[in-house]
Amino acid sequence: MMSEPDSASVSDDPARDAQYDETPDASAPRRRAGAKKTAAKAAEKAAAKTAEKTDAKDKPKLTKTADRLAKLGLHSAIDLVLHLPMRYEDETTLTPIGELLPGGVEQTEGVVFDNEVAYRPRRQLVVKLRDHNGDELHLRFLNFYGSQVAQMAVGKRLRVRGDVRGGFFGLEMVHPAVKVVEGDAPLPQALTPVYPSTAGVSQAYLRKAIDNALERAHLPELLPEPVAQEFLAPLNVPGLMDAVRTLHHPPIDADQNALIDGTHPAWTRIKFDELLAQQLSLKRAHEERRTRAAPAMARHVAGRKSEETLLARLREALPFKLTNAQERVVGEIAQDLEAPHPMQRLLQGDVGSGKTVVAALAAAQAIDAGYQAALMAPTEILAEQHARKLRGWLEPLGVQVAWLSGSLKAKEKRAALEAAALGTAKLVIGTHAIIQDAVEFARLGLVIVDEQHRFGVEQRLALRAKAQNAKSPDETKREFQPHQLMMTATPIPRTLAMTYYADLEVSTIDELPPGRTPILTKLVSDARREEVIARVRAAALTGRQVYWVCPLIEESETLQLQTAVETWETLVAALPELSVGLVHGRLASADKAAVMDAFSRNEVQLLVATTVIEVGVDVPNASLMVIEHAERFGLAQLHQLRGRVGRGSAASVCLLLYTGPLSLTGRQRLQTMRETTDGFEIARKDLEIRGPGEFLGARQSGAAMLRFANLENDAWLIEPAREAAERLLHEYPHVVTQHLNRWLGAREQYLKA
Ligand code: ADP
Ligand code: MG
């Protein structure tokens, strides 16, 4: 570290680095986790490339350099030029020690008059500064090197920058950034950029590399004049190279606040370009799909009576009439399935809105046309329940349904695999076991993914790859891809729909089946647990069924399991007159299925459960739900859990038990749950409370494309970016590729998942 070009700074201490060098940090808003695998691969490639071109003599050194930068995704000069500051530090002013105020970050200067290593309360270096007014400031270093003691020797003039605190002996700074300076050392005239970095790559090193690249790089304007006129001119933003220079080297007279909060026109320019790249990528993926072949699944076939189709017979056999909303989405899907290119449709509908039957009708259409359908669900309980329900509907109509899960016995599994491969099973239902290599389909025409937000990007990519490898149904060698229907109860807010999901068609069920009674939600302090137990007893004795959801313990699955078992034991003891079941993730699947079966037959009145029941479970007679430590759950999760009740005609109640003191966001979440049962409203609030990065969830945002634009503050730029993308695609297709390469490079593949 000492050999780094920034050795002018005497602070070599790791704690200081963490504070000031801003190694990447999950909480940094502009930096979303990059696509790890892709980055790593690209890094390998880049390193290999560098090595190829380099003389044997400087190989080790250059490879190391390239390696380090590659870790940050910086392979080319353009990458470096577009590696923009995540924030700025204002080092342009000095505050005299006597005017420092505790609570803020300040920069000041003074001469060391005392320097000692103290041992109480623990080993620490205390350096005392005094300025020409005679005011004093203490610097404290809890981790330090011997070299620092020497460099901050008595008599040295130090320029320090850090948090000012009121200490026991007056004002102090703990682990400030320190520079040894001469008496008249000039101050920087402009803001100092701070770059996203990683261990082993110092700010000074990055700055040098970037400045170097700025000299070499050409960053020509790619937008054709008419497009720039229409979309950039109204934004009043600088040219790209100008913008980039301003951001790397803010001019003295630049609006510093605007640079810092990202509203400066230079930032707007960058964000626009980035959003444009994202829109282009999504739209191109969308158009590409239209060029691919998929089986056309006609609903009406000449020579066949329409009332004899499976579709018609299934409709006839349903125990209820579809809602208008269901009819509408069934129509939208049916139309897509008839087209000869792959559907990619997202079906969103609140919990309990009846998505399963829509999936069944889509599957029936595929089967009518001579294809197989696959239905994938994120949990075994849900997949099992789908299997039970769809078998109940389809087997009486002569359709064979296969069930595939990781926990099947070898013999059963072989039978299921065979049925899928031979095509005797028309519908295959399962967990992600369905996407494993061993599974082959004879004529897979439709893939349905339930609760798609629960699957990670990798899993969706795997499914897509499987779909692409499927055999062509007409035995030609044409590339062929099944239709995809994704279902979710977590509606996607508009800004996300326009960005991350812009290549999907969306169908929405915005109406619940009739006869549902609204769920009443109450917040109850854990102190009133006895009353809650009494209420459970009363409900169960009048024939109602009850869920009791155990607290989420994120740190440890074992602990969570233990808590579930303990909760179950206490409730069994407290409620001897009831039959109490327990279901959790570690239960063998046969046992899980047995408990769920007993619950759906009302042989178990109270079901103690972990979040394994979060999605999909459907027992209409259950009308009371208790969620313990509700403050630990996320909004989407609470909404999903609550959706397990309110499915029958009885008035349902959800009791959210909480333990104080509540955090601000915890309180907001619980209040939202009390105020609304509308999934769209809850998703909107969720986005507001957590921000889109988290909303997407770590697993989905692993692919996040946006480094600079921020969906909360920059949503207004999405619409123009979208329109500009449209024009480029139609009128300037060659520019599209150039723009994408510049902004997305290797990341694009993830965007398509
Ligand atoms: P979700 O959208 O949460 O997956 P489900 O498909 O599990 O909802 O449906 C919830 C319940 O509503 C199920 O018991 C289902 O059989 C029932 N249901 C679905 N559609 C209708 C309808 N049109 N009329 C009455 N009940 C329906
Ligand atoms: Mg469902």
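Rules behind the numbers
- Residues numbered from 1 in each chain as written.
- Chains lettered and ligands numbered in written order.
- Predicted model: local features only at pLDDT ≥ 70, side-chain atom pairs only at ≥ 80, totals over all residues.
- Heavy atoms only, no water.
- Axes fitted to C-alpha atoms, helices over the stretch in contact; angles between N-to-C directions.
- Helix = DSSP H or I, 4+ residues; strand = E, 2+ residues; numbered from the N terminus.
- Parallel < 35°, antiparallel > 145°, perpendicular 65-115°, else oblique.
- Left-handed = near helix turned anticlockwise from the far one by under 90°.
- Contact = heavy atoms within 4.5 Å.
- Nonpolar A, V, L, I, M, F, W, Y, C, P; charged D, E, K, R; others polar.
- Pairing = 2+ DSSP bridges.
- Core = buried A, V, L, I, M, F, W, Y, C linked by side-chain atoms within 4.5 Å.
- Buried < 20%, exposed > 50% of the residue type's maximum accessible area, 1.4 Å probe, protein only.
- pLDDT = per-residue confidence, 0-100.
- Near = heavy atom within 4 Å.
- Polar contact = N/O pair within 3.5 Å; in protein donor to acceptor, adjacent residues only side chain to side chain.
- Areas by Shrake-Rupley, 256 points an atom, 1.4 Å probe, with all protein chains shown as cover.
- Phe/Tyr/Trp six-rings, centres within 6.5 Å; stacked < 30°, edge-to-face > 60°.
- Lys NZ or Arg CZ within 6 Å of the ring centre and 35° of its normal.

1. Description of the packing of helix α10 (residues 265-291) against helix α26 (residues 718-731)
Helix packing geometry: the angle between the two helix axes and the distance between the axes.
Step number 1: As a packed pair, α10 and α26 sit with axes 8 Å apart at the nearest point and diverge in direction by 55°. Comparing their axes, α26 and α10 come out oblique. α26 is crossed by α10, and the crossing has right-handed handedness. Two secondary-structure elements touch here, α10 through F272, L275, L276, Q279, L280, K283 and E287 and α26 through I718, P720, A721, R722, A724, A725, E726, L728, L729 and H730.
Step number 2: When the residues that make up the contact of α10 with α26 are grouped by side-chain class, the tally is eleven nonpolar, two polar and four charged.

2. Some details on the sheet that holds strand β20 (residues 622-627)
Step number 1: A sheet is described by the order of its strands in space; here six strands give the open sequence β16-β21-β20-β17-β19-β18, paired in parallel fashion. Here the strands that pair on one side only, and so sit at the sheet edges, are β16 (519-525) and β18 (580-583). For this sheet, the mean inter-axis angle between neighbouring strands, taken without regard to orientation, is 20°.
Step number 2: Pairing of β16 with strand β21 (residues 652-658), which is carried by seven bridges, proceeds in the parallel orientation.

3. Notes on the nonpolar core
Step number 1: Within the largest apolar cluster, 128 residues are counted, with the highest numbers of intra-cluster contacts made by I270, F272, L314, L446, L485 and L728.
Step number 2: Considering each element in turn, this core owes the most residues, ten residues, to helix α13 (residues 355-368).
Step number 3: Beyond its immediate sequence surroundings of up to four residues, L446 is in contact with M297, L337, M343, A362, A363, A366, Q372, A373, A374, P482, H483 and L485.
Step number 4: Counting residues in hydrophobic clusters, the runner-up holds 31 residues, among them L607, V619, M625 and V645.

4. What to know about the packing of α10 against helix α27 (residues 733-743)
Step number 1: Contact geometry for α10 and α27: axes closest at 9 Å, N-to-C directions at 115°. For the pair α10 and α27, the sense of crossing is left-handed. Side by side, α10 and α27 meet where I270, D273, E274, L276, A277, L280, S281 and R284 of the first sit next to V736, T737, H739, L740 and W743 of the second.
Step number 2: Across the contact of α10 with α27, the residue classes break down as seven nonpolar, three polar and three charged.

5. Structural notes on the confidence of the model for the protein
Step number 1: Per-residue confidence for the protein gives a mean pLDDT of 81; residues scoring 70 or more make up 83%.
Step number 2: Confidence, expressed as mean pLDDT per element, reaches its minimum in the protein at helix α1 (residues 14-21) with 33 and its maximum at helix α12 (residues 324-338) with 97.
Step number 3: Low pLDDT, under 50, characterises residues 694-703; the stretch is placed with 30 contacts to residues that sit more than four places away or in other chains.
Step number 4: Across residues 748-753, where pLDDT falls below 50, the model places 23 contacts with residues more than four positions away in sequence or in other chains.

6. Section: the pairing of strand β2 (residues 105-118)
Step number 1: As paired strands, β2 and strand β5 (residues 157-167) are joined by seven bridges and run antiparallel to one another. Residue pairing across strands places V111 opposite R157, the latter belonging to β5.
Step number 2: Here seven bridges tie β2 to strand β3 (residues 124-130), and the two strands are oriented antiparallel to one another. Directly across from D114, in β3, lies its bridge partner K128.
Step number 3: Taking the residues between adjacent antiparallel strands as the criterion, β2 and β3 are bridged by five residues.

7. A look at the site of ligand 1
Step number 1: As a structural note, the neighbourhood of ligand 1 is formed by 17 residues, with G352, K355, T356, R516 and D618 the closest of them.
Step number 2: Between ligand 1 and the protein, one listed contact pairs an oxygen atom with a side-chain N or O atom of K389 at 3.1 Å.
Step number 3: Surface burial for ligand 1 is 89%, taken as the share of its 560 Å² of free accessible area covered by protein chains.
Step number 4: Split by residue class, the shell around ligand 1 holds four nonpolar, six polar and seven charged.

8. Observations regarding the packing of aromatic side chains
Step number 1: Applying the stated criterion across every chain, the model contains four aromatic pairs.
Step number 2: Ring geometry for W267 versus F708: centroids 6.2 Å apart, planes at 35°, classification tilted. Separated by 441 residues along the polypeptide, W267 in helix α10 and F708 in the loop between α25 (698-701) and α26 bring together distant segments of the chain. For the residue pair W267 and F708, the accessibility class agrees, reading buried in each case.
Step number 3: An aromatic cluster is built from W267, F708 and W743, whose rings are joined through pairwise contacts.
Step number 4: When the ring centre of F113 is taken as reference, the NZ or CZ atom of R130 above it lies at 3.9 Å.
Step number 5: A cation over a ring is seen here: R443 above Y371, with NZ or CZ 4.7 Å from the ring centre.

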